[in-house]
Amino acid sequence: MYVDSEVSRLRTVLLHRPSAELARLTPRNNDSLLFDGIPWVSRAQEEHDAFAEALRSRGVEVLYLGDLLAETLTLPEARAELTAGVLAARRLGDSLRATVAGYLADQDPDRLGEILVAGLAHEEIKSTGGGLVYEMMDRHDFVIDPLPNLLFTRDSSVWVRDRVAVTSLAMRARRRETTITHAIYRHHPRFAGAELLFDPSLEHVEGGDVLVLAPEVLAIGVGERTTPAGAERLAQRVIAAGLAHTVLAVPIAQERATMHLDTVCTMVDVDAVVMYPNLADSLQAWTVTGLDGELRVGAPRPFLEAAAEAMGIDRLRVIDTGLDPVTAEREQWDDGNNTLAIAPRLCVAYERNVETNAQLERAGIEVVRISGSELGSGRGGPRCMSCPIQRDPLR
Ligand SMILES: NC(=[NH2+])NCCC[C@H](N)C(=O)O
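Small disclaimer: the values here were computed from a predicted structure and weren't measured.

**Describing the pairing of strand 19 (residues 366-370)**
The pairing of strand 18 (residues 346-350) with strand 19 spans five bridges and is parallel. Opposite Tyr-350, over in strand 19, you have Ile-370 as the bridge partner. Between the parallel elements strand 18 and strand 19, the chain passes through helix 11 (residues 354-362) in a crossover that is right-handed.

Written as structure tokens, this is what we have:
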């Protein structure tokens, strides 16, 4: 387990193959579950399988969150922890909580894992003892909420060198995701000895906001999901642990279109980014460094300048997608700027962003195109859907 850049050769990645949790989405709940549409589940799975295959065929080991979860649930301690995470929901009340506890106790690890991800509807359990909460619920109400955004494995954990930050997700619909990543990293033998850098009880930070620009240099977007306090806390942790010398806190608009820094900017080479042209010139950064155990905060300056200086390069190149503002806005919305680098100058992108991809290729970046007509309805691209666990060291 080791990640010290966004672009060096990718060896191992964590993905989540979407499944029954997507079938929980309806026009009544899709907004609160952070989807913009109702995906066709089997097509979304096909698209996701093609994404995984594109990575495997280029030598990347793909780990699936669902498999790791089922394996983790064979361990009694992990099982108890994950079950407790679900039962803690206050809205259950005592009698329904006891019913759900009994139901979960009867499930084998595979099925329990599925339930933790896909949730549980009222009609799927029978309460013998009645209870006011059970009686007053609609049969389609969720006793356990589904986690359709688990698809975006980027957000619930981040590796920085050999440590993992289990994040603190801001949106209610996603909070429980980190009980799963936390349990996997704490208990699964594959991650034995991994030290936790951050945990979900801390201030809000989401992985889509965290970019490892270069060894010891992080950029953290601050907006709808990551708060200034979250950025400060993560900066303090990585600097104190000697994992970074500089952290750039980058304000982004608190809007759905730009929910994470990686929706407007991702790296495609050791010194190049693809960036939403409508804000390439206006992005700013606060530079956070450490001195004698204290954090020092510099005055805000242009992001590209601050980044290049921290990275020790002359210039951070912006691949100029040359797009007119309307095309740029459309392709940004469809995650055109959300690429996943497999190696320097080799990235995965959604095929639908025709113009952005063409410009990337003109700039010498090889683009592996995947389809995302269904996957994209959750508003996330290849970077959002992947959590790199192992990359070759950059230098
Ligand atoms: N790293 C990312 N940009 N992730 C995208 C997450 C999309 C997800 N539907 C959400 O709203 O949270």
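Next comes the rest of the description.
**A word on the sheet that holds strand 5 (residues 157-160)**
What the three strands build is an open sheet, ordered 5-6-7; its pairing is mixed. Only two strands of the sheet have a single neighbouring strand rather than two, namely strand 5 and strand 7 (195-198). Direction aside, neighbouring strands of the sheet carry axes that sit 35 degrees apart on average. In the sheet, strand 5 pairs with strand 6 (residues 163-166) via four bridges, with the strands oriented antiparallel. The residue bridging Val-158 from the neighbouring strand is Ala-165, located in strand 6. Together, strand 5, strand 6 and strand 7 form the strand contacts of helix 7 (residues 177-187), whose direction differs from that of strand 6 by roughly 155 degrees.

**Points about the domain arrangement of the chain**
Split into domains, the chain comes out as domain 1 (10-64 + 148-391) and domain 2 (68-144). Of note, the centres of domain 1 and domain 2, computed from C-alpha atoms alone, are 31 Å apart. The interface of domain 1 with domain 2 comprises 14 residues on the first partner and 15 residues on the second. Where the side of domain 1 that touches domain 2 is concerned, the elements lending two or more residues are strand 2 (61-64) and helix 7. The element that contributes the greatest number of residues to the side of domain 1 that touches domain 2 is helix 7, accounting for five residues. Residues that form the side of domain 1 that touches domain 2 fall into these classes: seven nonpolar, four polar and three charged.

**A look at the pairing of strand 9 (residues 216-222)**
Burial analysis of strand 9 places seven of its seven residues in the buried class, the great majority of the element. Strand direction decides the pairing type here: strand 8 (residues 210-214) and strand 9, joined by four bridges, are antiparallel. Looking at strand 9, one finds that Val-212 is bridged to Leu-218. Counted along the chain from strand 8 to the antiparallel partner strand 9, the turn is one residue long. In this sheet, strand 10 (residues 244-251) lies alongside strand 9 in parallel orientation, the contact comprising seven bridges. Directly across from Glu-216, in strand 10, lies its bridge partner Ala-244.

**Some remarks on the sheet that holds strand 1 (residues 10-15)**
The strand order across the open sheet formed by three strands is 2-1-20, and the pairing between neighbours is mixed. Where the open sheet ends on each side, the last strands, each with one partner, are strand 2 and strand 20 (387-391). Taking the axes of each pair of neighbouring strands and ignoring which way they run, one obtains an average angle of 20 degrees across the sheet. The pairing of strand 1 with strand 20 spans four bridges and is antiparallel. Note on strand 20: the bridge partner recorded for Leu-10 is Arg-391.

**Topic: the nonpolar core**
Across soluble globular proteins, you tend to see nonpolar side chains buried next to one another. Leu-218, Val-250, Val-268 and Ala-307 are the most contacted members of the largest nonpolar core, which has 114 residues in total. Sort the elements by how many residues they give to this core and helix 9 (residues 303-311) lands first, with six residues. Counting residues domain by domain, this core receives three or more from each of domain 1 (10-64 + 148-391) and domain 2 (68-144). Ignoring anything within four residues of it in the chain, the contact list for Val-268 reads Val-7, Val-273, Val-274, Ile-319, Thr-339, Ala-341, Arg-345, Cys-347, Leu-360 and Ile-365.

The rules behind these values
- Residues numbered from 1 in each chain as written.
- Predicted model: local features only at pLDDT ≥ 70, side-chain atom pairs only at ≥ 80, totals over all residues.
- Pairing = 2+ DSSP bridges.
- Helix = DSSP H or I, 4+ residues; strand = E, 2+ residues; numbered from the N terminus.
- Right-handed = clockwise from strand over helix to strand, strands pointing away.
- Axes fitted to C-alpha atoms, helices over the stretch in contact; angles between N-to-C directions.
- Contact = placed C-beta atoms within 7 Å.
- Domains from an automatic or database assignment.
- Nonpolar A, V, L, I, M, F, W, Y, C, P; charged D, E, K, R; others polar.
- Buried ≥ 20, exposed ≤ 12 C-beta atoms within 10 Å, placed from the backbone.
- Core = buried A, V, L, I, M, F, W, Y, C linked by C-beta atoms within 7 Å.

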